[in-house]
Amino acid sequence: MLAEFDTSAGQNTESIALEPGGGAVVGMIGARQVVRVRADGATEVLATMPVPADGAGTTPVVGHSQVTGVARDHDGTVFFLYAAGRGGLTGIWRLTPGSDDPVLIAPMPADTMPNALVIDRARSRFLVTDSTGGRVWEAPLAGGEPSVWSSDPTLAPSGFFGANGLKVHAGAVWVGNYDLGTIVRVPVESSGASGPAAVYATGLAGIDDFDFTGRDDEILAALNDTSELVGIAADGTHRILLDGDDGLQNTTAVVVLDDTVFISNGALREGNRPALRVARLIDG
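My aim in this report is to walk through the structure given alongside it, one point at a time. The structure displayed is predicted, hence computed values, not measured ones.

### A few points about the overall build of the chain
Helices and strands together make up the secondary structure of the chain, namely zero helices and 24 strands. In summary, the chain has a C-alpha radius of gyration of 17 Å against a globular reference of 19 Å for 284 residues, a match within 12%. A burial count over the chain gives 56% of its 284 residues as buried. In the chain, once contacts between residues fewer than 6 apart in sequence are set aside, the share between residues at least 24 apart is 42%. If you sum the accessible surface of the chain, you get close to 11,000 Å²; carbon and sulfur atoms cover 48% of it. Of the charged side chains in the chain, 18 are positive and 35 negative; the average position of the first set lies 4 Å away from that of the second.

Structure representation (structure tokens):
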């Protein structure tokens, strides 16, 4: 385990962005925080977002404001998502190195639930999943008005969250659908627009975030509902690699760096040990 957090303070770990030297930046749902975890396990709160005056009871489905996805640029700038159920707060925020004053650079509509954030540097844009709207949005890296990139029906929710985890890989945008338990592959056209979506893997109930291992299209995925880390082969089949017996509690995110796997415990409904854990990726 790299670091453990305080569930009573709402420090339920939602997302991971790796930093040089073995550390990471994580988003904390209930605490509305962005937290740095150093390689030795020490933690530092980089930002705490304000609660809207009405308590953000209008945040879609969940009913409370929360920090969700995080991403880190090569110069150390941290970007994160805030879902607050209010215009002027919901959207993509930027936190420059040495600053504790985040800036909203891409406001999103109040009725969206921004969840996962990816920097698509090849096309100078951010990509964001909107879990309650079942969409992927795009916004300029420099900031500005976002627009819907894909609203394919395969991304739609069936009661709670649809589009959730998000990655760019091998000429496509890959999206996990939480409610349907699927990973969807959306090809990127030469213009940058979305192509026809296709379901890549099924049977992944409660899939949250995921990452590619670097072995072609092999994936590691965090299954929130069952507190599992699963490996998904290139043919779409999957097997359980880690579960509650290994200390996982409502697994929310996974990031792979070479043979090291970073895994976050959300511990939102099960257990009381939100954490950032580390495992080793082995062959076979």
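Don't stop here, the text continues.
### With respect to the pattern of salt bridges
The full count for this structure, using the stated rule, is 12 salt bridges. A salt bridge links R38 to E44; the shortest N-O distance between them is 2.7 Å. Taking relative accessible area as the criterion, R38 reaches 40% and is therefore assigned partly exposed. Residue D73 is joined to R121 by a salt bridge in which the shortest nitrogen-to-oxygen separation is 2.6 Å.

### Focus: the side chain of N224
If you trace the backbone, N224 turns up in the loop between β19 (219–223) and β20 (228–232). Within the structure, N224 has its side chain in polar contact with the side chain of D208 (distance 3.3 Å). Non-local contacts of N224, meaning those with residues more than four positions away in its chain, are made with Y178, G206, D208, N250, T251, T252 and R269.

### Describing the environment of E4
Structurally, E4 can be placed in strand β1 (residues 3–4). Taking the C-alpha atoms as reference points, E4 and G88, 84 residues apart in sequence, are found 32 Å from one another. Residues within four places of E4 in sequence aside, it is in contact with R273, P274 and A275.

### Things to note about the pairing of strand β21 (residues 238–242)
Relative to β21, β20 is paired through four bridges, and the arrangement is antiparallel. Bridge pairing links V230 to I240 in β21.

### Thoughts on the environment of G63
By secondary structure assignment, the location of G63 is in the loop between β5 (43–48) and β6 (66–72). Taking the C-alpha atoms as reference points, G63 and P52, 11 residues apart in sequence, are found 12 Å from one another.

### Focus: the layout of surface pockets
In this structure, the largest pocket spans a volume of roughly 500 Å³. Lining the largest pocket we find 24 residues, and of these V70, A71, L117, V118 and I119 sit closest to its centre. Listing elements by their share of the lining of the largest pocket, those giving two or more residues are β2 (13–18), β6, β10 (114–120), β14 (163–169), β18 (207–212) and β22 (251–257). By residue class, the composition of the lining of the largest pocket is 12 nonpolar, six polar and six charged.

### Quick look at the side chain of N177
By the element assignment, N177 lies in strand β15 (residues 172–177). A polar atom in the side chain of N177 sits 3.0 Å from the backbone nitrogen of L180. In this view, N177 contacts T154, L155, A156, F161, G162, A163, T182 and I207; residues no more than four positions away in its chain are not counted.

### Here's the deal with the sheet that holds β22
Reading across the sheet, the four strands line up as β1-β24-β23-β22 and stay open at both edges, with antiparallel pairing between neighbours. The open sheet terminates on both sides in strands that have one partner only, identified here as β1 and β22. In this structure, β1 lies alongside strand β24 (residues 275–280), joined through two bridges in antiparallel fashion. Bridge pairing links A3 to L276 in β24.

How each quantity is defined
Position numbers for residues count from 1 along each chain, tracking the sequence in the order it is written. Under the rules for a predicted model, residues below a pLDDT of 70 receive no local features and side-chain atom pairs below 80 are neither given nor counted, while totals for whole chains, interfaces and linings still include all residues. The basis for every side-chain value is the complete set of non-hydrogen atoms in the structure, without hydrogens or water. Elements are defined by DSSP. Helices are runs of H or I of four residues or more, strands are runs of E of two residues or more, and each kind is numbered from the N terminus. For the radius of gyration, the atom set is restricted to C-alpha positions; the globular benchmark scales as 2.2 Å times the number of residues to the power 0.38. We call a residue buried when its accessible area falls under 20% of the maximum for its residue type, exposed when it is over 50%, and partly exposed in between, using a 1.4 Å probe and counting protein chains only. Contacts were defined at the residue level, with two residues in contact if any of their heavy atoms lie within 4.5 Å. Computed with a 1.4 Å probe, the accessible areas rest on the Shrake-Rupley method; for each residue, only the protein chains presented here act as cover. In this charge count, Lys and Arg are treated as positive and Asp and Glu as negative; neither His nor the chain ends contribute. Charge positions come from single atoms, namely NZ of Lys, CZ of Arg, CG of Asp or CD of Glu. The salt bridge definition used is simple: a Lys or Arg side-chain nitrogen within 4 Å of an Asp or Glu carboxyl oxygen. Whenever two N or O atoms come within 3.5 Å, that pair is a polar contact, provided that in protein one can donate a hydrogen and the other can accept it, and provided that, for residues adjacent in sequence, both atoms are side-chain atoms. Strand pairing is defined by DSSP finding a minimum of two bridges between the two strands. In this analysis, the protein atoms alone were mapped onto a 1 Å grid. Cavities are point sets where a 1.4 Å probe fits without being able to get out; pockets are open sets with protein on both sides within 12 Å along at least five of seven lines; lining residues have an atom within 4 Å of a point. Grid points are joined across faces, edges and corners, and a volume is the space filled by probe spheres set on the points. Residue type decides the class: Asp, Glu, Lys and Arg count as charged, Ala, Val, Leu, Ile, Met, Phe, Trp, Tyr, Cys and Pro as nonpolar, and the leftover types, Gly among them, as polar.

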